[in-house]
Amino acid sequence: MSEHQIIRGCIEGDVRSQRKLFELYAGKMLMLCLRYATDRMEAEDILQTGFVKVYRHISQFKFEGSFEGWVRRVMVNTALKHCQKKRIRFDELQPELLPAQGVDPYVYSHLGETDVLHLIRRLPEGYRIVFNLHVIEGYSHEEIASMLGIKDSTSRSQLVKARRLLQQSITSMHKTTMAI
Amino acid sequence: MSLNDPYFDDWVRDKINQLEAKTPDHLWDSIRNSSRFYIIVDRNKYLLTLLVLLMVTATVGYWAFHPKAPHPSGIASTRVGDPVIPAPEASRKSTTPLGGSTPPLGSPASPYERSATPLGGPASPHGSSPNESAVGNNTTASAVASNSVGLSPAVGKEIVGVPSTSELEVISDKGLSVTAQEPNTTLLSKPSLGPALNKSAAIIIPARIRESSKRKIYWEAFAGPDHVVHYIKATSTQYEGYVRQVKATESSYPSFSMGLKADLPLLGENWRMQAGLRFSQINEELNYTYVQGNKTTLKYSFNTYRGLDLPILTSYTLIHSQQLEFKVSGGALFNLASWFRGDVLDTNYQPMALHIKDESKGTPQSNVWKNSIGTSLYSSVTLYDQVFPKVQVGIEPYLRYELSPVNRAVSVYTERFVTTGLMFNIRFQLGQ
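Here goes a summary of the coordinates provided. (Residues numbered from 1 in each chain as written. Chains lettered and ligands numbered in written order. Predicted model: local features only at pLDDT ≥ 70, side-chain atom pairs only at ≥ 80, totals over all residues. Heavy atoms only, no water.)

### What about the overall build of chain A?
To keep it simple, the criterion reads: Note on conventions: DSSP H or I runs of at least 4 residues are helices, E runs of at least 2 residues are strands, and numbering of each starts at the N terminus. The rule is simple: take the accessible area with a 1.4 Å probe, protein chains only, and divide by the maximum for that residue type; under 20% is buried, over 50% is exposed, in between is partly exposed. All accessible-area figures derive from a Shrake-Rupley calculation using a 1.4 Å probe, and residue coverage is judged against the displayed protein chains alone.
If you tally the helices and strands in chain A, you get nine helices and zero strands. Listed N to C, the secondary structure of chain A is α-α-α-α-α-α-α-α-α in terms of helices and strands. The buried share among the 180 residues of chain A stands at 49%. A total accessible area of about 8700 Å² is found for chain A, and carbon and sulfur atoms account for 50% of it.

Structure follows, in structure tokens:
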């Protein structure tokens, strides 16, 4: 069954097509949700709400562009709504607290995907959301500002802090691993 | 200090984008159950809106006007033409002192005799015999009024309307209250029936006379806005892409219906039938891109689908009071003629007229669309309010389902309309 047929089936309310769509994207989308949620339960809640929205509004997909991109946007919006219920805190930029620190290229090759995900999830919520939206999803600071209802400068500052904190965490994790 | 680190960002993105999480088994069931509810609601939102509208109309109608409906304040509903009277006076007029000459409850006497028990009757100081009490004639309105001696002067000179009730409260001299069941009687005011009647307290209309009031003939005019859902389905899978394009170019536009019908009694006092003529116009907008050579232009077409129908409906009256009538109707609309105007896209996405001109006949001929779309099913509820003695106005939410498509089988898709709407009716009574 092609993606096109699956989408057509979902528009007509066919349960088998809905199941196929779930099997096709659930893993990737759950990973997306895990990056925004604080724990797995919350991520599953976001995924469930997101898939219900996909099934309800799939007829609005115009068959222009990537369907996965469309599903991803629905999931991101659902995750943001979920996070905004908790009132995200965006700390102001204090660069002196986090000095710029590059990562040794050697470290990059020794760090696994799950380690990176783990470190991203340990970021403070404001940092994490802006980092995800900008670096992973590719939204601009203007778009992030409008999505989260913050200033462009706040989005930029959150990203810089998130990146530095993540680099620090990567370096310290590598040091710990080497010591062991 | 640079705030960007594109190498780091790319490295993180590459790592993360490859990841997939294992989904638990129960998640699909939860999603399926949640989405099923929302999808059902989304797909039937117009029907559900109509049902909610019907239920609200029915509830308001019942609660506000039906005599048996529970009223928290205990206030009976008022009707057009009923003078407002103070409650104590009204209660006096609707009570009958129990006396020796009062016909026994449940006696074999005619129900009209029982119902005609005079107000302030036999037990009064100038009490009259039961024979002098009002006895309604079965076929005429010559109900005999009773003496009103013993009542206040106000009662004797003007009879006020008493809300239609199935019960007459009977109060004894000792204050004992007894309720007598009188299911088919109504107390009406009739101040101009002569000196004898001027003294009377009430005129009792027998049941058959009241039934006849429901068997009147009306002419009814109606008009109102419609919402039309277009169901377009490809006749073959190879045309599904084309049908999607057609759907994307069409958008619904406010539509309307209007007509005239006769409302006639059918069976008993509750069953009626309606027949007449109904005109409906379905409107839609068509926005599409027209490519001719190297030039691409955005085109717009306003399409109209018009039809003339013969409605044959039956209705059942659920509530019938002097002020209000509430009925449910169902039946069929037989399409006498349909004619359309506008453009559709052909399979090459080029505009095609809904009608082609037949030069030999000089009249428009439909190439794909039918000249008659056959039968439609129709259901509605109607709430009428009496505004003048022979005039009623009403609202009628309805649903119309067309049994056959509007286009012929030669087309690459079939199109069917389902219409919901709200009619505003005005009904004129014929004769007396």
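Structure shown, so let's carry the discussion forward.
### A word on the pattern of salt bridges
Residues and elements named next belong to chain A. Counted only if it meets this: What counts as a salt bridge is simple: a side-chain nitrogen of Lys or Arg found within 4 Å of a carboxyl oxygen of Asp or Glu.
On inspection of all chains with the given rule, the structure shows 17 salt bridges over all chains. Between Arg19 and Glu23 there is a salt bridge, with its nearest N and O atoms 3.3 Å apart. Here Arg19 pairs with Glu23, and both are found in helix α2 (residues 15-36), just four residues apart, close to one helical turn. We note a salt bridge from Glu137 to Arg72, for which the minimum N-O separation is 3.5 Å. Placement of Glu137 in the loop between α7 (125-136) and α8 (141-148) and of Arg72 in helix α4 (residues 67-84) is noted, with a sequence separation of 65 residues between them. One salt-bridge network, held together by shared partners, links Lys28, Arg35, Glu68, Arg72 and Glu137.

### Comments concerning the pairing of strand β16 (residues 391-402) of chain B
Residues and elements named next belong to chain B. The line we're drawing: Note: two strands are recorded as paired if DSSP finds a minimum of 2 bridges between them.
With 10 bridges connecting them, strand β15 (residues 375-388) and β16 associate as antiparallel partners. Across the sheet, Tyr378 pairs through a bridge with Arg400, a residue of β16. Both β16 and strand β17 (residues 413-430) contribute to a ladder of 11 bridges, which runs antiparallel. Note that in β17 the partner of Val391 across the bridge is Phe428.

### A short note on helix α2 (residues 25-43) of chain B
Under the convention used in this document: In a helix, the anticipated span is given by 1.5 Å times the number of residues less one.
Its 19 residues place the ends of α2 of chain B 28 Å apart at the C-alpha level, agreeing with the 27 Å of an ideal helix rising 1.5 Å per residue. Residues of α2 of chain B that are buried: Leu27, Trp28, Ile31, Arg32, Ser35 and Ile39 of chain B.

### Description of the interface of chain B and chain A
Condition: Throughout, a residue-residue contact means that at least one pair of heavy atoms, one from each residue, lies within 4.5 Å. What counts as buried area is the accessible surface, traced by a 1.4 Å probe, that two parts surrender upon association, with contributions from both included. Within 3.5 Å is the distance limit for a polar contact, defined as a pair of N or O atoms, with the added protein rule that one can donate a hydrogen and the other accept it, and that residues adjacent in sequence qualify only through two side-chain atoms. Each residue gets one of three labels, nonpolar for Ala, Val, Leu, Ile, Met, Phe, Trp, Tyr, Cys and Pro, charged for Asp, Glu, Lys and Arg, and polar for the others, Gly among them.
Opposite the 34 residues of chain B that make contact, chain A presents 44 residues. Across the chain B/chain A interface, buried area totals approximately 3800 Å², and carbon plus sulfur atoms make up 65% of it. At the junction of chain B and chain A, the tally comes to one salt bridge. Between Arg163 of chain A and Asp9 of chain B there is a salt bridge, and its shortest N-O distance comes to 3.0 Å. Linking chain B with chain A are six residue pairs in polar contact (both at pLDDT 80 or more), by the criterion used here. For the side of chain B that touches chain A, the secondary structure elements donating two or more residues are α1 (6-17), α2 and α9 (240-249) of chain B. By residue number, the principal contributor to the side of chain B that touches chain A is α2 of chain B, which donates 12 residues. The residue inventory of the side of chain B that touches chain A, partitioned by class, reads 15 nonpolar, eight polar and 11 charged.

### Some words on α4 of chain A
Residue and element names in this part refer to chain A. The terminal C-alpha atoms of α4, which comprises 18 residues, lie 26 Å apart, in line with the 26 Å expected from a rise of 1.5 Å per residue. Buried within α4 we find Phe67, Trp70, Val71, Arg72, Val74, Met75, Val76, Thr78, Ala79, Leu80 and Cys83. On its buried side, α4 packs onto α1 (3-11), α2, α3 (40-57), α7 and α8. Looking at where α4 begins, the residue whose side-chain oxygen comes 3.2 Å from the main-chain nitrogen of Glu68 is Ser66.

### Considering the state of the cysteines
Residues and elements named next belong to chain A. Put simply, the rule reads: Count a disulfide wherever a pair of cysteine sulfur atoms falls within 2.5 Å.
If you walk through the whole model with that rule in mind, you get zero disulfides over all chains. The thiol of Cys33 is not disulfide-bonded; the next cysteine sulfur, from Cys83, is found 9.7 Å away. Residue classification places Cys83 among the buried residues on the basis of a relative accessible area of 0%.

### Observations regarding the side chain of Glu42 of chain A
Residues and elements named next belong to chain A. Position of Glu42 relative to the elements: it lies in helix α3. By relative accessible area, Glu42 is classed as buried at 9%. At a separation of 2.5 Å, a polar atom in the side chain of Glu42 contacts the side chain of Thr38. If we ignore the near neighbours within four places in the chain, the residues touching Glu42 are Ala37, His82 and Lys86.

### Some thoughts on the packing of aromatic side chains
Quick note on the threshold: Ring pairs are drawn from Phe, Tyr and Trp, using the six-membered ring of Trp, whenever the two centres fall within 6.5 Å, and their geometry is named by plane angle: stacked under 30 degrees, edge-to-face over 60, tilted for the rest. We count a charge as sitting over a ring when the NZ of a lysine or the CZ of an arginine lies within 6 Å of the ring centre and within 35 degrees of the ring normal.
Per the counting criterion, the structure on display carries 15 aromatic pairs over all chains. Seen in terms of ring centroids, Phe61 of chain A and Trp70 of chain A are 5.7 Å apart; in terms of plane orientation they differ by 55 degrees. Their pairing is tilted. A relative accessible area of 12% places Trp70 of chain A in the buried class. The ring centre of Tyr398 of chain B lies 4.8 Å from the NZ or CZ of Arg278 of chain B, which sits over that ring.

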